[in-house]
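Listed here are the chains, written in short residue letters.
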Amino acid sequence: MHFSTQTKVKTWTISIIALLLFIVPVYFNGQWTIILGIFADYILGNLETQIPAILTVIMSIFLIITIYGTLINRNAFSQSQKMKDIFVLDWLWFTLRVLGTVFAGMVVLGLGPEAITSDATGGTMMNSLVPILATWLLLAAFLMPLLMNFGLMEFIGTFLEPVIRPLYRVPGRSSIDALASWMGSSPVGVMITTQQYEKGFYTKREAMNIATNFSVLSIPFSLVIASFIGIEEYFLQFYMTMAIACILTALVMVRIPPLSKKEDTYYEVTGKQIDDRDVESTMLKTATTRAYKRADESDGPKGIIKDGTLNVVDIYGGLIPVVIAIGTLALIVAEYTPVFTYLSYPVQLFLELINVPEAAAAAPAFIIGVTDMFLPSVIGSGIDSMFTKFLIAVMSLVQIIYFSEVGALLLKSKIPVSVWELLAIFILRTIISFPIIYVLALLFVGY
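Residues numbered from 1 in each chain as written. Predicted model: local features only at pLDDT ≥ 70, side-chain atom pairs only at ≥ 80, totals over all residues. Heavy atoms only, no water.

**Comments concerning the pattern of salt bridges**
Where charged atoms of side chains with opposite charge meet at close range, the side chains can pair. Within this structure, the stated rule accounts for eight salt bridges. The salt bridge involving Glu268 is made with Lys204; its shortest N-O contact spans 2.7 Å. Of the two residues, Glu268 sits in the loop between helix 13 (235–253) and helix 14 (283–297) while Lys204 sits in helix 11 (residues 204–213), which places them 64 residues apart along the sequence. In this structure Glu268 comes out as exposed when scored by relative accessible area, which is 58%. Each member of the salt-bridge network shares a partner with another, and the members are Glu161, Arg165 and Glu206. (Salt bridge = Lys/Arg side-chain N within 4 Å of Asp/Glu carboxyl O. Helix = DSSP H or I, 4+ residues; strand = E, 2+ residues; numbered from the N terminus. Buried < 20%, exposed > 50% of the residue type's maximum accessible area, 1.4 Å probe, protein only.)

Printed below as a string of structure tokens:
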């Protein structure tokens, strides 16, 4: 198959730029990050205190449009399916969008019950999580087409397919999703996965396998967790343990329900968009042919700007309010009810049985991560045992399914998944990974 010089130059130039932005680690201001992370840190450094108020205003405007589209004129966006998906909602997502916007306004204005506005609940969401999430996803929404639309995923995926497919039952291109999470941000990894599913490049089962097994927290954020809980002296051992536990846990998770029961079919709206027939005489030729073909079919700058703008509208108008609503409600349950204390009793008994120090204090940390990624570290920071701190910190990263972030992203996406399936995945990841983490913690830290 013949491709023009322009297509070839476009493929390699944009792919190199995408690699530099999303994947290649750089050492900046005393820590390893990626260029996208430098941009995000710059925005946060200058606007972090203003972001909650700015977001609240934006979400309020989009809520007014949603009220019009959902309650007044459901045919208002009939000419654009994407706009209709964003602003014409069923009762559940409409309620969550209203709650999220209201919660945001209450926190920013300091009005309403303390259960919603306190630093432990709505304050955590609006002042700690949402600015980071909104900044990363804003950058990713506009820059992700560089990663996905110009052949990089096809090129790398062709080489990794023979290894990744039999081990994890996912395409080789999914390695890009994993690297974007590990080097950048787990929400970016999930966002790449959901968009690849919606565009017809992953099946339902593949998308779920990738999003729930490889959307781990980035290296910079992992360092924040390690420092906060007080194990920064063991950071290399901590991150190595997390990586090994994730790799081995994924091998099991993709082979058992609920992931193994997911349909291996493509998104019905777009259908399968991968052409497996373009196989050349060598793997290198196959990889370059697939990359050039993808770049040749990609939209021009106007199409990229249009898609990026719609992504941002969806993130700020739809996703962020849902994250705030689910996260705040979950944190209220964690902070003001004994639910997690009661649920952690079996965990406490098990930890005592295997002689984990401070088992009673540590037990809630192993289940509270389902609500938010920060909470296990908050609990762990008050524990004296370095071994127990290490267990909690690693587990908080390996569990992956945080309803204040990854869970909300998946529920909001087109990937068919239920709350109960996500809870089952969270529990299974905890059970499967714990022995691995425990043995490595004994090896690296000891009692």
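After presenting the structure, the write-up continues.
**Here we look at the nonpolar core**
Counting 141 residues, the largest nonpolar core has Phe22, Phe238 and Leu391 as its most contacted members. Element by element, the count of residues in this core is highest for helix 7 (residues 122–148), at 16 residues. Aside from chain neighbours lying at most four places away, what touches Leu391 is Val356, Phe366, Phe434, Ile437, Tyr438 and Ala441. (Core = buried A, V, L, I, M, F, W, Y, C linked by side-chain atoms within 4.5 Å. Contact = heavy atoms within 4.5 Å.)

**Examining helix 13**
In this model helix 13 runs 26 Å from its N-terminal to its C-terminal C-alpha over 19 residues, within 8% of the 27 Å that 1.5 Å per residue would give. Those residues of helix 13 not exposed but buried are Phe235, Phe238, Tyr239, Thr241, Met242, Ala243, Ala245, Cys246, Thr249, Ala250 and Met253. (Expected span 1.5 Å × (residues − 1).)

**Notes on the environment of Leu411**
Here Leu411 shows up in helix 22 (residues 406–412). With 89 residues separating them along the chain, Leu411 and Val322 place their C-alpha atoms 9.4 Å apart. Filtering out sequence-adjacent residues up to four positions away, Leu411 remains in contact with Trp93, Ile326, Phe403, Val417, Ser418, Val419 and Leu422.

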